[in-house]
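# Architecture at a glance
These are the residues of each chain, in order.
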Amino acid sequence: MSGSINKTDKLDVRGLNRLQRSGTLPTVWIPPRELRDARELPRTRMVLVRQRTRLKNRIHVNLAKYGLKTGGVSDLFGVRGRRIIAECLSELPSETRYATQSLIEELDHLQARIDDLEGRMAELFGEIKALELIKTLPGVAFILGVVILTEVGDVERFPSASPLASYTGMTPRVHASGGHVRYGRTRPDVNHYLKWAYAEAANAVMIHRRRHPQRHVSRLYERVIRRRGHQKAIGAVGRHLAEATYWMLTKGEPYRDPGMKQEVESKREA
């Protein structure tokens, strides 16, 4: 810390003492016990959903090994998809059929646990005003809203919207020297739960941008993807949503689309 060649506890204490006297000693926000407890519900759900995805992928692999066609449905594990799987099981060899049936049973059990978690989350977070504000963000519904609410915690710990966007991992690294500015990858030391949530919301915006072309996030994605590609566009949309979250929670107001505001002002001028 002090830039010294030697490192001892005594030297470390002196360096910390200098930082403390100058008011530059970094501080860490520790969430209260209640918030840490509530976070375990969405975090555990993420773990189970990843396991569910692995099980589904394994079932797909077992069917594909023997060239069994499962097309014609958008969700192989929905009602129609399950009928297709049942028909395919009869064409599998005995041991592969047994293994695939075991995977399906484990998948059903896992889905029941996920449903229980989501029901408990609905009971715990159903009446929170801040969650209703967050759900007004484009691409954010109940699950992502709960993740954002619990991981952001006390929004007052952020001095402005930019630090919150950086904390979520939606801000790229900046290398500026001699009048040249280059933006690199995002930092690894961020809140990965928030990064996932805002990336998921940005991908939802990307999927539905044709339905809502007038939205600011849809225009932002289209503008950035033409110049920088899909990943940069997702990052730009995610950063906008993260910064909007700060202002929404600070002011206690729902999301207001900047594109719609500009459109209303242009109509008034006309």
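Residues numbered from 1 in each chain as written. Predicted model: local features only at pLDDT ≥ 70, side-chain atom pairs only at ≥ 80, totals over all residues. Heavy atoms only, no water.

### Overview of the overall build of the chain
To be explicit about the condition: What counts as a helix is a DSSP run of H or I of at least four residues, what counts as a strand is a run of E of at least two, and both are numbered from the N terminus. Whether two residues are in contact is decided by their heavy atoms, any of which lying within 4.5 Å being enough. Residue burial considers only the protein chains on display, and all accessible areas are found by Shrake-Rupley using a 1.4 Å probe. Residues scored as positive are Lys and Arg, those scored as negative are Asp and Glu, and His as well as the terminal groups of each chain are ignored. Here the site of a charge means NZ on Lys, CZ on Arg, CG on Asp, or CD on Glu.
Helices and strands together make up the secondary structure of the chain, namely 11 helices and 2 strands. Written out in order from the N terminus, the α and β elements of the chain read α-α-α-α-α-α-α-β-β-α-α-α-α. By principal-axis analysis of the C-alpha atoms, the chain measures approximately 75 × 70 × 45 Å. Taking contacts inside the chain between residues at least 6 apart in sequence as the whole, the part at least 24 apart equals 58%. When the accessible surface of the chain is summed, it comes to about 17,300 Å², and 51% of that surface belongs to carbon and sulfur atoms. When the 47 positive and 30 negative side-chain charges of the chain are each reduced to one mean point, those points stand 8 Å apart.

### Details of the side chain of arginine 45
The cut-off we apply is this: Here the term buried applies to any residue with accessible area under 20% of the maximum for its type, exposed to any over 50%, and partly exposed to those in between, with areas from a 1.4 Å probe on protein chains only.
Summarising the element assignment, arginine 45 is placed in helix H2 (residues 33-65). Judged by its relative accessible area of 13%, arginine 45 is buried. Contacts of arginine 45, omitting those with residues within four sequence positions, involve Ile114, Leu117, Glu118, Met121 and Ile143.

### Points about the layout of surface pockets
The condition is simple: Points on a 1 Å grid over protein atoms alone make up a cavity when a 1.4 Å probe fits among them but cannot get out, and a pocket when they form an open set with protein on both sides within 12 Å along at least five of seven lines; lining residues each have an atom within 4 Å of a point. Grid points are joined across faces, edges and corners, and a volume is the space filled by probe spheres set on the points. Polar here means any residue other than Ala, Val, Leu, Ile, Met, Phe, Trp, Tyr, Cys and Pro, which are nonpolar, and Asp, Glu, Lys and Arg, which are charged; Gly is therefore polar.
There is about 1,000 Å³ of room inside the largest pocket. Looking at the largest pocket, it is lined by 34 residues, and the ones nearest its centre are Gly235, Ala236, Arg239, His240 and Glu243. Every element with two or more residues in the lining of the largest pocket is listed here: strand S2 (180-186), helix H8 (192-207), helix H9 (216-228), helix H10 (230-251) and helix H11 (258-269). The greatest single-element share of the lining of the largest pocket, amounting to 13 residues, is contributed by H10. Each residue belonging to the lining of the largest pocket can be placed in one class, and the counts come to 14 nonpolar, 8 polar and 12 charged.

### Looking at a nonpolar patch on the surface
Our working rule: Residues enter a patch when their relative accessible area is above 30% and they make no salt bridge; the linking distance is 9 Å between like charges and 5 Å between nonpolar side chains (Val, Leu, Ile, Met, Phe, Trp, Tyr). A side-chain nitrogen of Lys or Arg and a carboxyl oxygen of Asp or Glu constitute a salt bridge if their distance falls within 4 Å.
A surface patch of nonpolar side chains, amounting to about 290 Å² of accessible area, comprises Val174, Val181 and Tyr183. Residue class for tyrosine 183 comes out partly exposed when judged on its relative accessible area of 43%.

### Some words on the nonpolar core
Under the convention used in this document: Within this scheme, the nonpolar core is defined by two criteria: the residues are buried Ala, Val, Leu, Ile, Met, Phe, Trp, Tyr or Cys, and they are joined through side-chain atoms within 4.5 Å.
Counting residues in hydrophobic clusters, the biggest one holds 63 residues, and the most contacted among them are Leu63, Phe125, Leu137, Ile148 and Val237. With residues near it in sequence (within four places) discarded, leucine 137 still touches Leu241, Ala244, Thr245, Met248 and Tyr255.

### Focus: the pairing of strand S1 (residues 172-177)
Using the following cut-off: Only strands that DSSP links by at least two bridges are regarded as paired with each other.
In terms of strand pairing, S1 meets S2 through 5 bridges, oriented antiparallel. When the bridges of S2 are listed, serine 177 appears paired with histidine 180. Here S1 folds back onto S2, and the loop between the two strands holds 2 residues, one of which, glycine 178, carries a positive phi near 60°.

### A word on the confidence of the model for the chain
What counts is decided by this rule: Values of pLDDT, the confidence the predictor places in each residue, fall between 0 and 100.
Confidence along the chain averages 91 in pLDDT terms, with 94% of residues attaining 70 or more. When mean pLDDT is compared element by element in the chain, helix H6 (residues 142-152) scores highest at 97, while H11 scores lowest at 59.

### Concerning the packing of H2 against H6
Axes are the key here: two packed helices are described by the angle between their axes and the distance separating the axes. Defined as follows: Axis definition: a line fit to C-alpha positions, over the contact stretch in the case of helices; interaxial angles, taken between N-to-C directions, run 0 to 180 degrees. Each crossing gets its hand from how the near helix is turned against the far one by less than a right angle, where anticlockwise is left-handed and clockwise is right-handed.
Look at H2 against H6: their axes get within 9 Å of each other, and the N-to-C directions meet at 140°. H6 is crossed by H2, and the crossing has left-handed handedness. Across the interface between the two elements, Leu35, Arg39, Pro42, Arg43, Arg45 and Met46 of H2 pack against Ile143, Val146, Val147, Thr150 and Glu151 of H6. Here the contact of H2 with H6 is composed, by residue class, of 6 nonpolar, 1 polar and 4 charged.

### Section: the packing of aromatic side chains
Cut-off, in case you're wondering: Ring geometry is summarised as follows: Phe, Tyr and Trp rings, the Trp one being its six-membered ring, pair when their centres sit within 6.5 Å, and such pairs are stacked at plane angles under 30 degrees, edge-to-face over 60 and tilted between the two. We call a charge positioned above a ring when the Lys NZ or Arg CZ atom is no farther than 6 Å from the ring centre and deviates by at most 35 degrees from the ring normal.
This structure, assessed with the given rule, holds 2 aromatic pairs. Arginine 157 extends its terminal NZ or CZ atom over the ring of tyrosine 167, reaching a point 4.9 Å from the ring centre.

### Here's the deal with the pattern of salt bridges
Taken as a whole and judged by the stated rule, the model has 12 salt bridges. Between glutamate 132 and lysine 135 there is a salt bridge whose closest N-O contact spans 3.7 Å. Within the structure, one salt-bridge network assembled from shared partners comprises Arg39, Arg43 and Glu151.

### Comments concerning H9
Going by this rule: Given the number of residues in a helix, its expected span is that number minus one, multiplied by 1.5 Å.
With 13 residues, H9 should reach 18 Å at 1.5 Å per residue; the first-to-last C-alpha distance of 18 Å fits that figure. Against H8 and H10 lie the buried residues of H9.

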